[in-house]
Amino acid sequence: MSDIILETVGLTKEFRGFVAVSDVSLRVKRGTIHGLIGPNGAGKTTCFNLLTKFLPPTRGTITYDGRDITAMKSADVARLGLVRSFQISAVFPHLTVLENVRVALQRQRGGSFDFWRADGLLRRYDDRARELLEDVGLIPWATITAGELPYGRKRALEIATTLALDPVMMLLDEPTAGMTHEDVDRIVALVKRVAKGRTVLLVEHNLKVVAGLCDQITVLTRGRILAEGDYASVSRNPEVIAAYLGT
Ligand code: ADP
């Protein structure tokens, strides 16, 4: 088994001639938390969308766990264990927190969700759903509707529904965006916990979060890789500092 779980070669995305991601060759090591950072407009979200197959690349290849996934659909990629959090795992606001996780489990095991047979089926997933809520610290919130959850807790629920898909590698898109300091600290601890035994690729704006979480960091600017390394090395890199200060 190779120690590189995800690799892109020459990944490029153009939008009507505008190059948003340019010749990105990225290698993510198995079992690490890898950060993808960069100033606004650097191409992070586009990269993320390419990796999770929400967008087709203009050029380049993506290999996951030894398999070329460049032409695969996002649902098929998710079945291989490469799972994107937040966008893929929609939270249903009128279902309870527990029901949301049961639905995610049922989808994972049984494909599409059948509301008419829902009740009996969902009860079957109760124990596992409770375990997942335990993992993300949401047991006290299990019986309230997801719509009533405070923002930071909602993101924890999204992580629980993502875990329901049994990810080998999780892609997290700005898990701390818009959060209070207290929520940020809680999500950082949660990501650390759920990253055990998995690989995580994290798009993040908050450098403090990146410093606390990431083993390896790739810095993008203007669609290209500017620097790679651990936090200490990239944060000292004059080009990275200039890119962040916009000079
Ligand atoms: P980041 O996530 O780092 O802020 P993005 O990936 O969102 O950067 O955007 C990179 C560049 O690509 C930006 O200049 C953005 O305007 C452009 N871009 C992103 N999506 C599209 C699109 N669908 N059509 C045209 N341009 C786009």
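Named according to an unreviewed UniProt entry, the chain is ABC transporter ATP-binding protein originating from Plastoroseomonas arctica.

Peer 1: Would you take a moment to explain the sheet that holds strand 10 (residues 216–221) for this structure?
Peer 2: Pairing between the strands of a sheet is mediated by backbone hydrogen bonds and can be parallel or antiparallel. An order of 7-8-9-4-10-11 is seen for the six strands of this open sheet, with the pairing classed as mixed. Whereas interior strands pair on both sides, the edge strands pair on one side only; in this sheet they are strand 7 (82–84) and strand 11 (224–229). Shown here is a sheet whose adjacent strand axes are inclined to one another by a mean of 20 degrees, direction ignored. The sheet contact formed by strand 7 and strand 8 (residues 169–173) spans three bridges and is parallel. Residue pairing across strands places Arg84 opposite Leu171, the latter belonging to strand 8.

Peer 1: Even after reading the chapter, I still don't get the site of the ligand, so can you show me in this structure?
Peer 2: Near the ligand you find Phe15, Phe18, Ala20, Gly38, Asn40, Gly41, Ala42, Gly43, Lys44, Thr45 and Thr46, and these make up its full shell. Those elements that place two or more of their residues in the shell around the ligand are strand 2 (18–24) and helix 1 (44–51). Considering each element in turn, the shell around the ligand owes the most residues, three residues, to helix 1. When its residues are assigned to classes, the shell around the ligand shows four nonpolar, six polar and one charged.

Peer 1: Quick question: what am I supposed to make of helix 1 here?
Peer 2: With respect to burial, helix 1 is a largely interior element, seven of its eight residues being buried. Those residues of helix 1 that sit buried are Lys44, Thr46, Cys47, Phe48, Asn49, Leu50 and Leu51. Once helix 1 ends, the next one or two residues include Lys53, with phi positive near 65 degrees.

Peer 1: Please explain the nonpolar core as it appears in this structure.
Peer 2: Taken as a class, soluble globular proteins show a tendency for nonpolar side chains to be buried jointly. Counting residues in each nonpolar core, the largest one holds 66 residues, and the members touching the most others are Val101, Leu133, Ala160 and Leu202. Ranked by residues supplied to this core, first place goes to helix 3 (residues 97–110) with six residues. Per-domain counts for this core show at least three residues from each of domain 1 (1–88 + 165–247) and domain 2 (93–164).

Peer 1: What should I look at first to understand the pairing of strand 1 (residues 4–15) in this one?
Peer 2: Note on strand geometry: in a regular strand, side chains alternate between the two faces of the sheet. Two elements, strand 1 and strand 3 (residues 27–29), share three bridges in a ladder whose sense is antiparallel. Across the sheet, residue Glu7 finds its bridge partner in strand 3, namely Arg27. In the sheet, strand 1 pairs with strand 5 (residues 59–64) via five bridges, with the strands oriented antiparallel. Bridge pairing in strand 5 links Val9 to Thr61. Where strand 1 meets strand 2, four bridges bridge the pair, whose relative direction is antiparallel. Each bridged residue has a counterpart across the sheet, and for Lys13 the counterpart in strand 2 is Val21.

Peer 1: How should helix 7 (residues 181–194) be read in this particular structure?
Peer 2: Counting along an α-helix, one turn takes 3.6 residues, and residues three or four places apart therefore face a common direction. End to end, helix 7 covers 20 Å across 14 residues, agreeing with the expected 20 Å (1.5 Å per residue, within 8%). Buried within helix 7 we find Ile187, Val191 and Val194. The buried side chains of helix 7 occupy one side of the element, clustering within an arc of 70 degrees when seen end-on. The exposed set on the far side of helix 7, more than 90 degrees from its buried face, consists of His181, Glu182 and Arg193. Buried-residue contacts for helix 7 involve helix 5 (126–135), helix 6 (151–163), strand 8, strand 9 (199–203) and helix 8 (207–213).

Peer 1: Just to check I follow, could you spell out the environment of Asn237 for this structure?
Peer 2: By the secondary structure assignment, Asn237 is in the loop between helix 9 (231–236) and helix 10 (238–245). Owing to 15 C-beta atoms within 10 Å, Asn237 belongs among the partly exposed residues under this scheme. Sequence-wise, Asn237 and Leu226 are eleven residues apart; in three dimensions their C-alpha atoms are separated by 9.7 Å.

Peer 1: What am I meant to see in the domain arrangement of the chain here?
Peer 2: Quoted interface sizes are often the accessible area lost when the parts come together. Structurally, the chain comprises domain 1 (1–88 + 165–247) and domain 2 (93–164). Relative to domain 2, the C-alpha centre of domain 1 lies at a distance of 26 Å. By residue number, the principal contributor to the side of domain 1 that touches domain 2 is helix 7, which donates five residues.

Peer 1: Before we go on, may I ask you to explain the packing of helix 6 against helix 7 in this structure?
Peer 2: How two helices sit against one another is set out by the angle between their axes and by the gap between those axes. With their axes 10 Å apart at the nearest point, helix 6 and helix 7 run at an angle of 10 degrees to one another. With respect to helix 7, the element helix 6 is oriented roughly parallel. Listed contacts from helix 7 to Gly152, Arg155, Ala156, Ile159 and Leu163 of helix 6 are Asp183, Arg186, Ile187, Leu190 and Val194. When its residues are assigned to classes, the contact of helix 6 with helix 7 shows six nonpolar, one polar and three charged.

Parameters and conventions
Residues numbered from 1 in each chain as written. Predicted model: local features only at pLDDT ≥ 70, side-chain atom pairs only at ≥ 80, totals over all residues. Pairing = 2+ DSSP bridges. Helix = DSSP H or I, 4+ residues; strand = E, 2+ residues; numbered from the N terminus. Axes fitted to C-alpha atoms, helices over the stretch in contact; angles between N-to-C directions. Near = placed C-beta within 6 Å. Nonpolar A, V, L, I, M, F, W, Y, C, P; charged D, E, K, R; others polar. Buried ≥ 20, exposed ≤ 12 C-beta atoms within 10 Å, placed from the backbone. Core = buried A, V, L, I, M, F, W, Y, C linked by C-beta atoms within 7 Å. Domains from an automatic or database assignment. Expected span 1.5 Å × (residues − 1). Arc of directions from axis to C-beta. Contact = placed C-beta atoms within 7 Å. Parallel < 35°, antiparallel > 145°, perpendicular 65-115°, else oblique.

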